[in-house]
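Fold and geometry: a report
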Amino acid sequence: MDILATLNPAQRKAVEAVKGPILILAGPGSGKTKVITHRVAYLVKLCGVSPHNIMAVTFTNKAAREMRERLEQLLRQAAEALSLGTFHSIGARILRREGKAIGLDSSFVIYDEDDQLRLMKQVLEELNLDPKQYAPRALRSAIGAAKSRLISPEGYAPRVSNYFEEIVHRVYQHYQQLLSRSRAVDFDDLLMKTVQLFQDHPQILNRYQSRYVHILVDEFQDTNIVQYMLMKQLTGKHRNLCVVGDPDQSIYSWRFADLRNILSFEKDYPEAKVVFLEQNYRSTKTILKVASDVISANIQRKPKELWTENEDGTPVTIIKSYSAEEEAQSVVSEIEKLTIHEQLSFKDCAVMYRVNAQSRALEETFLRYGVPYKLIGGTRFYQRREIKDVIAYLKLIHNPHDNVSLTRIINVPARGIGPRTLSQLQSWAKAHDTSLFEALKQVSHPYSVGTKQSLPPRIVQTLAGFDALISELTAQSHKLSLSDLVNEILKHTGYREYILDKEGGEEKWENIMELRSVAGEYDELDPEEALAAFLEKVSLVSDIDELDEKADAVTLITLHQAKGLEFPAVFIVGLEEGILPHRKSFDDPEQMEEERRLCYVGITRAKKRLYLLRSYRRSLFGGSTANPPSRFLKDISPNLISPRDLWEETPTSVASRNFNLDSQSSPQPLNTLTLKVGDHVCHNKFGPGIVMNCNPTKDDQELTVAFEQAGVKKLLASLAPLEKIEKDFDFSA
DNA sequence: CGAAAGGCTCTTTTT
DNA sequence: GAGCCTTTCG
């Protein structure tokens with residue numbers, strides 16, 4: 001098979017320029033992934049480079065997996081030897097191997113944001129700082145900012161210029177101390193410590209530099225400074241660095257991604273070639289024009305012209321509604337139309353939003369109308385409390401020094417170890433500069449080392465019991481398969497009863513069973529290896545990684561997570577001032593430009609149909625607010641918009657769509673009325689509602705109606721004082 | 001010590 | 001509206 005045959009001239013150039021650095025600026029839908037995979041295949045098959053000598057870095061694990069799959073098709077078995085992964089997974093891999101050199105135990109655990117915050121609270125407590133005055137999240141973020149710029153606690157000292165930074169400095173130092181006491185690293189450490197390792201140990205770096213003859217980086221516009229440094233280190237010898245990105249799709253500045261990396265690249269690699277990929281293969285001309293209308297308003301931007309040979313396509317549809325619920329209903333009814341009239345299936349449709357909270361109204365409506373959907377993100381699976389609890393047990397078994405995990409589950413389920421006891425353990429651990437687990441062991445067996453007996457015997461006994469529990473599980477972990485180990489944990493801790501007792505316990509238990517079956521995928525491995533591999537995966541996965549393309553269901557996803565995906569039909573909801581653009585960006589022009597890019601990312605996911613939705617009112621929490629339409633909508637040329645949905649309604653439609661709030665206008669007599677699922681009704685007593693289910697009986701209908709105020713009721717159509725309400729209405733007047 | 005209740009704050013995006 | 005923290009009572 002000819003690797004170059006299916007490429008256009010620009011793509012071909014990007015693939016063939018294998019010597020030296022290259023910057024590929026690739027617009028959306030321009031075949032960027034294709035270029036990367038084909039470049040790798042070209043290197044292996046035509047240039048004779050061993051896959052062992054190639055590294056490709058992606059933004060998500062899912063992207064890495066897909067790339068591996070594609071390369072397996074191109075390269076067969078040779079693909080196995082490629083190094084593919086995210087920056088974080090690559091950092092983790094290197095640190096597991098080489099961490100010893102910087103005093104890092106190879107069984108270190110990785111702390112996610114939740115763990116970090118718990119640790120941060122511990123830090124504040126030990127430093128006698130008030131968490132109300134110094135928000136743990138703000139401190140965490142400040143430390144993350146420092147780490148992303150490769151600033152160590154020592155390096156932070158000279159940069160301190162105000163009192164808050166003074167605090168950050170102290171907190172940062174102590175935070176790192178507690179991390180190391182727990183033999184843990186956080187997400188940012190995976191990158192920073194790797195770079196530090198290479199800085200301090202040139203001979204180790206040298207090995208990796210020699211190995212990686214070719215390095216490719218995807219989504220380069222979203223890399224931060226540490227990531228850039230890491231690439232620079234690794235390519236120090238061969239300088240064959242290929243970066244692919246699109247400044248217009250840079251949407252992660254809040255994760256300290258730095259667009260200046262593109263400038264740095266041109267400075268650090270002056271010999272770099274630059275290739276532009278501007279032909280779009282994904283979208284219709286109309287969609288591309290809409291995207292261009294929106295993004296062109298950014299000032300801090302190099303103009304570029306995307307073009308396509310695709311057809312003009314349908315005008316984009318702008319739909320406004322009265323509430324988030326109405327908005328969701330519009331989405332559902334449009335999706336129904338698409339599936340009936342345009343041969344699209346549910347899986348071809350995606351609904352995108354700015355904040356996860358928006359998914360709720362969508363979900364409820366999708367459930368109500370029986371439209372299948374898959375929700376990406378939201379309360380992420382691995383962040384659910386019950387899941388984190390079970391994982392905490394596993395982490396503790398793997399690394400007993402992990403204080404955050406121990407603190408998490410020492411009294412879950414409740415076993416009589418309260419805050420007082422815990423705090424005593426903590427003082428002991430702090431005094432001896434050791435982990436809580438060590439403290440627990442010493443304190444619960446006081447006679448073995450002659451420690452002063454300062455705890456009441458009953459507590460000592462309880463602690464000893466917990467110690468015995470963990471020891472027993474640890475012993476089991478060497479013999480049992482991973483899923484059996486999970487079973488043992490659930491059994492010995494009484495977690496099952498504990499969780500089933502709770503509100504919504506069934507669902508939580510299901511989640512745990514789901515986790516167990518994921519664990520089961522590691523059952524073939526040797527127990528210790530399985531546990532390590534499983535924890536590594538669990539620490540580094542994101543939800544997008546789990547997106548199942550096969551299921552025929554609509555995708556609900558944030559705009560951020562949608563980057564890199566494409567769908568025949570895309571709905572972007574919440575195009576309102578305050579949502580998209582988010583109000584947090586109002587006072588910062590740079591952030592506002594990022595909001596615009598985010599909108600651009602959403603638009604350019606669409607292949608054939610694009611719907612932009614805006615709601616007149618939205619209740620985001622507590623009271624509802626009226627939001628003006630998003631400024632981004634105003635930038636779209638009117639001739640690209642489907643006329644029936646322009647802002648101004650025609651007189652007839654205004655009349656016919658008048659919403660029936662005071663139930664004066666033409667109530668329809670009920671007995672002649674057959675209601676169907678999704679119809680809006682108004683009840684004399686219960687007020688407005690929506691029909692959720694219809695059960696036809698002999699000559700009647702049994703209805704299940706969800707009322708806005710009164711909740712879900714079952715009613716008989718013939719008896720209930722119901723009126724039908726026209727669904728389409730308009731409030732803009 | 002633990003469960004339940006009330007009060008508080010904060011709401012962006014994620015490897 | 002939720003999640004977290006504190007308070008209160010058993």
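One can find the structure itself at the top, above this paragraph.
Structural notes, computed from the coordinates. (Residues numbered from 1 in each chain as written. Chains lettered and ligands numbered in written order. Predicted model: local features only at pLDDT ≥ 70, side-chain atom pairs only at ≥ 80, totals over all residues. Heavy atoms only, no water.)

Tallying secondary structure elements over chain A gives 29 helices and 23 strands in all. Every one of the 733 residues in chain A was classed for burial, and the buried ones make up 55%. The long-range share in chain A, meaning contacts at least 24 apart out of those at least 6 apart in sequence, stands at 74%. As displayed, chain A has an accessible area near 33300 Å², and 51% of this comes from carbon and sulfur atoms. (Helix = DSSP H or I, 4+ residues; strand = E, 2+ residues; numbered from the N terminus. Buried < 20%, exposed > 50% of the residue type's maximum accessible area, 1.4 Å probe, protein only. Contact = heavy atoms within 4.5 Å. Areas by Shrake-Rupley, 256 points an atom, 1.4 Å probe, with all protein chains shown as cover.)

Judged by pairing direction, the sheet is parallel, and its 6 strands sit side by side in the order 11-16-15-12-14-13 without closing on themselves. Only two strands of the sheet have a single partner each, and these edge strands are strand 11 (317–321) and strand 13 (373–375). Within the sheet, the average angular offset between the axes of one strand and its neighbour, ignoring direction, is 20 degrees. On the sheet, helix 15 (residues 359–369) packs against strand 12 (349–353), strand 13 and strand 14 (554–558) and is oriented at approximately 155 degrees with respect to strand 13. The sheet contacts of helix 27 (residues 589–603) involve strand 12, strand 15 (567–572) and strand 16 (606–615), and relative to strand 15 the element is tilted by about 145 degrees. (Pairing = 2+ DSSP bridges. Axes fitted to C-alpha atoms, helices over the stretch in contact; angles between N-to-C directions.)

Moving on, we get to the sheet that holds strand 7 (residues 241–245). In space, the 6 strands of this open sheet follow the order 3-2-6-7-1-8, with parallel pairing throughout. One side of each edge strand has no neighbouring strand; the edge strands of this open sheet are strand 3 (83–86) and strand 8 (273–277). Between one strand axis and the next, the sheet turns through 15 degrees on average, direction left out of account. Sheet topology places strand 2 (residues 54–58) next to strand 6 (residues 214–217); 4 bridges connect them, and they run parallel. Bridge pairing in strand 6 places isoleucine 54 opposite histidine 214. Against the sheet, helix 11 (residues 225–234) touches strand 2, strand 6 and strand 7, its axis set at about 160 degrees to strand 6.

By size, the foremost hydrophobic cluster in this structure holds 51 residues, and its most contacted members are Tyr382, Leu394, Phe466, Leu482 and Phe534. With 8 residues, the single largest contributor to this core is helix 16 (residues 385–398). Contacts of tyrosine 382, omitting those with residues within four sequence positions, involve Ile387, Lys388, Ile391, Leu515, Val518, Lys537, Val538 and Val541. Ile295, Ile557, Val570 and Leu580 belong to the second-largest nonpolar core, a separate cluster that totals 38 residues. (Core = buried A, V, L, I, M, F, W, Y, C linked by side-chain atoms within 4.5 Å.)

Turning our eyes to something else, we now look at the side chain of serine 539. Structurally, serine 539 is set in helix 25 (residues 527–540). Owing to a relative accessible area of 14%, serine 539 belongs among the buried residues under this scheme. Only 2.8 Å separates the side chain of serine 539 from the backbone oxygen of leucine 535, close enough to count as a polar contact. With residues up to four places along the chain from it excluded, the contact list for serine 539 reads Ile110, Phe187 and Lys395. (Polar contact = N/O pair within 3.5 Å; in protein donor to acceptor, adjacent residues only side chain to side chain.)

Our focus in this paragraph is the pairing of strand 16. Consecutive residues of a regular strand have side chains that alternate between opposite faces of the sheet. Among the 10 residues of strand 16, 8 are classified as buried, and the element is accordingly described as predominantly covered. Here strand 11 runs beside strand 16; their pairing, made up of 5 bridges, is parallel. From the neighbouring strand, lysine 320 faces strand 16, where its bridge partner is arginine 614. Where strand 15 lies against strand 16, 5 bridges are found, and the strand directions are parallel. In the strand pairing of strand 16, phenylalanine 571 is matched with tyrosine 611.

Right, let's talk about the pattern of salt bridges for a bit. By the definition in use, this model includes 40 salt bridges. For aspartate 115, the salt bridge identified is with lysine 395, shortest N-O distance 3.3 Å. On the criterion of sequence distance, the pair formed by aspartate 115 in helix 5 (residues 113–126) and lysine 395 in helix 16 is long-range, its members being 280 residues apart. Residues aspartate 115 and lysine 395 agree in their burial class; the two are buried. Aspartate 433 is the partner of arginine 181 in a salt bridge, and the nearest nitrogen-oxygen pair spans 2.9 Å. You can see arginine 181 sitting in helix 8 (residues 163–181) and its partner aspartate 433 sitting in the loop between helix 18 (419–431) and helix 19 (436–444), a full 252 residues away along the chain. Through salt bridges with shared partners, a single ionic network connects Asp112, Asp114, Asp115, Arg118, Lys388, Asp389, Lys395 and Arg408. (Salt bridge = Lys/Arg side-chain N within 4 Å of Asp/Glu carboxyl O.)

So far we have only geometry, and geometry alone does not tell us how the molecule works.
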